[in-house]
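Next come the chains, spelled out residue by residue.
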Amino acid sequence: MADTRSRLGDDDTGYDRPAKKARVDPGDSADPSSSTLAQSRSNGLPAGIPSQREEEDGEDDDDDDMPAGQPDVSRAADLYLDTINRVVLDFDFEKVCSVSLSNINIYGCLVCGKYFQGRGRHSYAYAHAIHDDHHVFINLETTKVYVLPDGYPVSDPSLEDIAFVLSPTFTRASISNLSSPNHILKPSYDLASRPYIPGYIGLNDIKRNDYMNVIVHSLLHIPPLRDHLLLSNFRGKESELLKRFASLAKKVWNPRLFKSQVSPHEFLQEVGRASAGKFSLERQGDPVEFLGWLLNRLHKDMGGTKKRNSSVIYASFQGQVRMETQQVLVRPDAEDSAKPRFDIDREIKSTVSPFLFLAVDLPPPPLFQDAVEKNIIPQVGIHSVLTKYDGVTTQESAGQLRRFKCQRLPPYIVLHFKRFTKNIFVEEKNPTIVNYPLRGVDFRDYLDAPSSHPATLYDLIANVTHESAAGTTRDKESTVWKVHLRAGAGGGENEKWFQIQDLIVEEIRKEMIFLGETVLQIWERRAGPASGAGDASRTDTTQ
């Protein structure tokens, strides 16, 4: 085996580097301190500081049988580094042993990419090193690298890229430009030299989880939530869901990926457990329901309470809406076609409630076909469907008249277009197209607040659309969920849009975005005071 390994740094010495480090019995050393000194030097540690072993694996391993002393061989740590295969390394999947399925003290083989438990003499990683001749392992929790079966740690600058892919770290300086136009001008490159833009990469559709992928992408492009997750260092009692969501965020925005795609398997596995199987990888679901569940769960896991701004979730998405209700009273003198309306002479109940997203109704589609036997697809403007929140438009439900008006708007408004209706027979989809500008939508008409309220102009930041074969709904095999994400800001050449469908990432023309059947939108408040009249902002189609 020795003739296949690299030679020592000085080629003129004329001898091969030993294939494995010699095992030295501690009893043979007359001076124990000299053995400790030699081991410290070979490990690259200061004299007098012995190398620390990781905690034992879940089984009855006896690391006391491991060699206590190591020979002082120059640069012996890089003995097997040439066997590392970065192409097969994939740290996206759940970190469990491939033999015992345990998640305690897991090591990854840097030669074949498999996961094994422990590194003691009776561990699965130790047996793998002996039987398969794979010797370099990384601790998936601490990112420390070890050579087995000898058991000594390796500290080499060439391994830093592997540690960064396994556990990326960010600073405030490194995330300061993620929302700026400069970010899209500096692409990164994977191992195959394919360019990609961090943050705008594909998420693997493991089976039927594309409805969760679009929500993950949308939330990871909300700057306050994104920055909070990228700067986090969850090592305490935080929930496993929050830890895995932060880990997924760091991988999506990682500028040094080995592959220009990420699998959300680890996070979605925890979603299935935390939701008791309500949201599964194996069947289609509703992204709006998943968004509502995820926002509330993340808020709770971040230590949030019912108080305003108690977490980054509430600080970003929570607003207030006032609902007025009144009992419907049928007047004998009213015409048959007259709609019920509020009577100021009778009691009107008013309640103010918080919200995380606003639901808007679409007009019903036509029942009949046109002259050329083609279904008419109606189109409406976004302000015509937002009139639900103008405080004047009324809705009748269960004998109650209701009208709504916002009391406080959050920095990020989530709009849910109620495109699906369900009765006892069938679920139907409304194909109505909603027209909207990408920038400058004014929510002033839907707000009842003092003039000190922040600006009411909003720009689109994420748009989720649904596609399916004619006559089908979201639970069919033909269902496709896509998300449009803004890159950069400010409109014009400083702003680009990307369409992401699972692993397919492509730039899309701004004029094509509104043509999809929008189900969910996230609007970002424009910085600075509100400017311009409402009518002017409604026609702002600056692309």
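Notes on the structure in this doc start here.

**Thoughts on helix α8 (residues 265-274)**
Working step 1: All of the buried residues along α8 are His265, Glu266, Phe267, Leu268, Glu270 and Val271.
Working step 2: Ala276 occupies a position one or two residues after α8 and carries a positive phi of about 55°.

**A short note on the environment of Leu140**
Working step 1: With respect to the element layout, Leu140 can be found in the loop between β3 (136-139) and β4 (145-147).
Working step 2: Classification of Leu140 by relative accessible area gives buried; the value is 8%.
Working step 3: Separated by 44 residues in sequence, Leu140 and Val96 place their C-alpha atoms 10.0 Å apart.
Working step 4: Those residues in contact with Leu140 that sit more than four places away from it in its chain are Phe91, Lys95, Ile106, Tyr107, Gly108, Tyr115 and Leu166.

**Focus on helix α9 (residues 287-301)**
Working step 1: For α9, spanning 15 residues, the distance from its first C-alpha to its last is 20 Å, which sits close to the expected 21 Å at 1.5 Å a residue.
Working step 2: Taking burial as the measure, the 15 residues of α9 include 11 buried ones, the bulk of the element.
Working step 3: Residues of α9 that are buried: Pro287, Val288, Phe290, Leu291, Gly292, Trp293, Leu294, Leu295, Leu298, His299 and Asp301.
Working step 4: In this structure Asp286 caps α9, since a side-chain oxygen of it lies 3.0 Å from the backbone nitrogen of Val288.

**A few points about the packing of aromatic side chains**
Working step 1: Counted under the stated rule, the structure contains 13 aromatic pairs.
Working step 2: Both rings, one in Phe245 and one in Phe267, keep their centres 5.0 Å apart while their planes meet at 35°; by these two values the pair is tilted. With Phe245 in helix α7 (residues 240-252) and Phe267 in helix α8, this residue pair connects regions lying 22 residues apart in the sequence. For the pair shown, Phe245 and Phe267 are each scored as buried.
Working step 3: When the ring of Phe279 is compared with that of Phe290, the centres are 5.3 Å apart and the planes differ by 70°; the resulting orientation is edge-to-face. A residue pair is termed long-range when its members are at least 10 positions apart, and Phe279 in the loop between α8 and α9 and Phe290 in helix α9 qualify at 11 residues.
Working step 4: On the basis of relative accessibility, which here comes to 3%, the residue Phe279 falls in the buried class.
Working step 5: Its end group placed over the ring of Trp253, Arg226 keeps NZ or CZ at 5.2 Å from the ring centre.
Working step 6: Just above the ring of Phe164 sits the side chain of Arg256; from NZ or CZ to the centre is 4.4 Å.

Basis of the calculations
- Residues numbered from 1 in each chain as written.
- Predicted model: local features only at pLDDT ≥ 70, side-chain atom pairs only at ≥ 80, totals over all residues.
- Heavy atoms only, no water.
- Buried < 20%, exposed > 50% of the residue type's maximum accessible area, 1.4 Å probe, protein only.
- Helix = DSSP H or I, 4+ residues; strand = E, 2+ residues; numbered from the N terminus.
- Contact = heavy atoms within 4.5 Å.
- Expected span 1.5 Å × (residues − 1).
- Polar contact = N/O pair within 3.5 Å; in protein donor to acceptor, adjacent residues only side chain to side chain.
- Phe/Tyr/Trp six-rings, centres within 6.5 Å; stacked < 30°, edge-to-face > 60°.
- Lys NZ or Arg CZ within 6 Å of the ring centre and 35° of its normal.

This is a description of form; function is not addressed.
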